[in-house]
Amino acid sequence: MSKRWRAWKRIGVAMAASMALVLPLAACEGQLPTPTAATASKASPDLTEAQEKKIRTKILDTLTKADEARSADGYKAVMGGPQLEIRTSQATIAQKSGSMNKYATIPKDVAQVVIPTDDGWPRSVFTITTTTEDQQSQRLLVLDQNSARENYKLVAMARLFDGVSMPKFEVPTSGSQMGTAKDEGLVVTPTEALTQYADVLQNGSNSKYASTFADDMLRQRIATLTSTVQEGIARNNGTQSQTFTAVPDQMWIMRTADGGDLVVGRIDSVWTRQAGDGRESQPASDDEKILYNSDQYTSTMKVTYVNVVALYVPQSGDGAQVTAVGADRQPVKVEAL
Amino acid sequence: MSPDQDVIDPLKISAEESESETNDSGENKDGEPKRAARPTRHAMIMRGIVTPIFGLLAVASVVLGVLNATIWKPSAEITATSTITGSRYIVTDPGVLPLLDQKVTLSVDPVSSKNEVCVALGASKDVAGWVASESSYTRISGLSSWTSLSTQTSKATGQVEATDSENAVEFKDSDMWSSVKCGNSDVSLTSTKTTDSTMAIIDLGRGAASTGAQVSMHWVRSQVPDFAMPFYLSGGLLAVVAVLCASVFAMPPHKRRKRVVEGKATIHTDLSFAERAEQGLIGARLPESVPARKHRRHAAHRRGGVAEADHEANGANGSGEQIGTPVIVDPASRNLVADQQAAAGRNAAEILLNGNDSAAGSSKAVTSAADAADSTEFATSARPVDEEATSVITSDELAAYFARLAQEVQQSNESADDTDEQTNEEGGNR
């Protein structure tokens, strides 16, 4: 009896063992995969070109709508920095003049997109558009995302100077690195470039930094304008002064392919004209006139301008100069003192 | 060696060979039934135990292979679900979305449909940036099983303070998402060409952290693991092994080896190496058996070769004294005409040696010139005594022969009739 029972037990054990061998082979989905940590050997661009286009198109569409409504209310959602002030001023002028300033036009097609690879915020995308329909020069747009919870906004636009040679950037698929205000190894740091350029604009060839900067259209135009106005004011013993103040807080920097920096920054300027001999000081342009929006003139007129400059700061080297490659300038406030 | 032996030896050898062959085959025929009746222990184990085991394993492998290819086939569609509560934002870890396939569908079904839930895809750094200002968020870190997701609650870095509400945009309006979908219930978003850096972020809405939502991820695996093929392969191999066990490996090792490798030694015991190792004989027996085997092999080799023939020739010489010189008569090599003439010559009572010469001469006259060998043979057959003398070389016999010869010559000189009788006698003996 016990012998038989033992035999049965042995068979049972054998069957259990064979089942234990066979069952793991059955009904298996395979080894459970585990996510592999992405080995980011190279920083990836923050945006794809398609995303950049989507963002830019959204901004420009909003702009167009606000322009048509002749209202500056819509601008705030898509614009910031100096561009918001410039555009608001242009819209105010357009309300009176009936049409937007031709320099406010932003083409929808792009020639080049520079996308950063930086992980943190703020992030800036530099976009160079095509020429406008009326053959104005290309626009350099700066789209900036201040934080993760905000969206990209158009913070600066500079009209590139005719015939200027732009520095090269990395292709959008690999992305460029954003520069910082204190980048070393350049002719000057970006902050210094902006402040020194403000000094050059103010003092012209008399500036001690004049040799650091190559001659450019903005300098020439401001010098011409100043001398023209000076002629008229000097006739009635008046005085005029322009002060240029760099705003390093509103500066966007992108590293170029050759190791330099393209700096887009804001320079505020105040132009004070004081007429002599008891005369009234009047606006110097139609824009100023519309902005002033009054017939009550005094002897002194103070006009506040917002300037956007784009400076290419190359790596330091023999005879290397900072070159202004684009600018925009708009009176935003006209006061009679 | 005399020409006579030249004729006889090959015949003897061939006869011996055929005899030995028949002996061998006889042995084989005797041996085979013996083995069939009582197979060796080795063959019994191989055919009775090992072969069935391999056969069963082969069948089992094929059956398992078929099962794995059919009812146990890994399903191509994998859906993993988990109910997640406790935080407003749920993000997938990098690499979780493309875990099984580039195409993945992420579905979110909020427990309460009061809030709008949104699902978005974005780059890992963007998603991390979005949740950086949260106090905590939930991470989907992978699969805990094939049907459920594993989650972890993660503290945000907290370095970024929450953006002021003026500039902040709604989750669904963020520029950073490559795609976003919102709804009050069962929101599903499909991501194609998902890369490792693509992450999904789910916004359950403000205040919905406590109620939570059911999150499920669905993949259609393009590469389903094939478990059937290894089973088929091993089944095939096991079947081959089973056949080999029943045939080649069941053979006595010496038979198998003799056929396979000519130069290998044969073992005269029926024990294989393994068996002897089992019995603990290895080391004690092996050195002994090696020279023995060698000897055996040489002997066996010689049996079929020249040495064998030598041995047989010796034996024939030994027996030649007993039976008389010739055993085999070859009619083809016999010249009857010459025989008759020789007989006639002998009858003419000529001198023995001279008579041989004349007989040779007369035979040449009668037969063709090409039959030189035959005539020579006749000539040799005509003087068998001479031949005996050359083949038997013991000195006693030689001395006896000379004594007899001298006596015979003397007798033949005395009477021709006596010599005639003697020669007749000799011929009869042949």
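Residues numbered from 1 in each chain as written. Chains lettered and ligands numbered in written order. Predicted model: local features only at pLDDT ≥ 70, side-chain atom pairs only at ≥ 80, totals over all residues. Heavy atoms only, no water.

Caption draft 1: Layout of the pattern of salt bridges. Following the criterion strictly, the structure yields 20 salt bridges over all chains and no others. Put simply, Glu52(A) and Arg56(A) hold a salt bridge, and the shortest N to O gap is 2.9 Å. Taken together, the positions of Glu52(A) and Arg56(A), both in helix 2 (residues 49-68) and four residues apart, correspond to about one turn of that helix. Arg56(A) shares its class with Glu52(A); the two are buried. As a salt-bridge pair, Lys172(B) and Glu116(B) come within 3.8 Å of each other at their nearest N and O atoms. Pair noted here: Lys172(B) is in the loop between strand 6 (149-155) and strand 7 (179-183) and Glu116(B) is in the loop between strand 3 (104-110) and strand 4 (117-123), with a separation of 56 residues, a long-range link. (Salt bridge = Lys/Arg side-chain N within 4 Å of Asp/Glu carboxyl O. Helix = DSSP H or I, 4+ residues; strand = E, 2+ residues; numbered from the N terminus. Buried < 20%, exposed > 50% of the residue type's maximum accessible area, 1.4 Å probe, protein only.)

Caption draft 2: Main features of the sheet that holds strand 3 (residues 139-145) of chain A. All names here are of chain A. If you walk across this open sheet you meet the eight strands as 1-2-3-4-8-7-6-5, and the pairing is antiparallel. In the strand order of this sheet, the two ends are held by strand 1 (110-114) and strand 5 (239-255), each with one partner. If you compare each strand with its neighbour and ignore which way they point, the axes differ by 25° on average. Strand contacts of helix 5 (residues 190-203): strand 5, strand 6 (261-274), strand 7 (300-313) and strand 8 (323-336), with the helix running at about 160° to strand 5, the strand carrying the most contacts. Running over the sheet, helix 6 (residues 217-235) touches strand 5, strand 6, strand 7 and strand 8 and is turned about 165° from strand 5. (Pairing = 2+ DSSP bridges. Axes fitted to C-alpha atoms, helices over the stretch in contact; angles between N-to-C directions. Contact = heavy atoms within 4.5 Å.)

Caption draft 3: Quick peek at the UniProt feature "transmembrane region" (unreviewed entry) in chain B. All names here are of chain B. The UniProt feature table records "transmembrane region" (unreviewed entry) at residues 44-67 and 227-250. Between the first and last C-alpha atoms of residues 44-67 the distance is 34 Å; the span itself is 100% helix and 0% strand. Along residues 227-250 the backbone is 79% helical and 0% strand, and the end-to-end C-alpha distance reaches 33 Å. (UniProt positions renumbered as here; feature names shortened; annotations may be inferred.)

Caption draft 4: Structural context of the packing of helix 2 (residues 41-69) of chain B against helix 4 (residues 228-246) of chain B. Residue and element names in this part refer to chain B. Put simply, helix 2 and helix 4 touch, their axes get as near as 8 Å, and they point 165° apart. In terms of orientation, helix 2 and helix 4 fall into the roughly antiparallel class. When you trace helix 2 past helix 4, the crossing you get is left-handed. (Parallel < 35°, antiparallel > 145°, perpendicular 65-115°, else oblique. Left-handed = near helix turned anticlockwise from the far one by under 90°.)

Caption draft 5: Expanded view of the interface of chain A and chain B. Residue-level contacts link 35 residues of chain A with 40 residues of chain B. At the boundary of chain A with chain B, total buried surface from both sides reaches about 2900 Å², with 53% on carbon and sulfur atoms. The tally of links between chain A and chain B comes to five salt bridges. Among the ionic pairs, Lys125(B) bridges to Asp119(A), the shortest N-O distance being 3.4 Å. Ranked by residue count, the leading element in the side of chain A that touches chain B is helix 2 of chain A, at four residues. Class assignment for the residues of the side of chain A that touches chain B results in 14 nonpolar, ten polar and eleven charged. (Buried area = accessible area lost by both parts, 1.4 Å probe. Nonpolar A, V, L, I, M, F, W, Y, C, P; charged D, E, K, R; others polar.)

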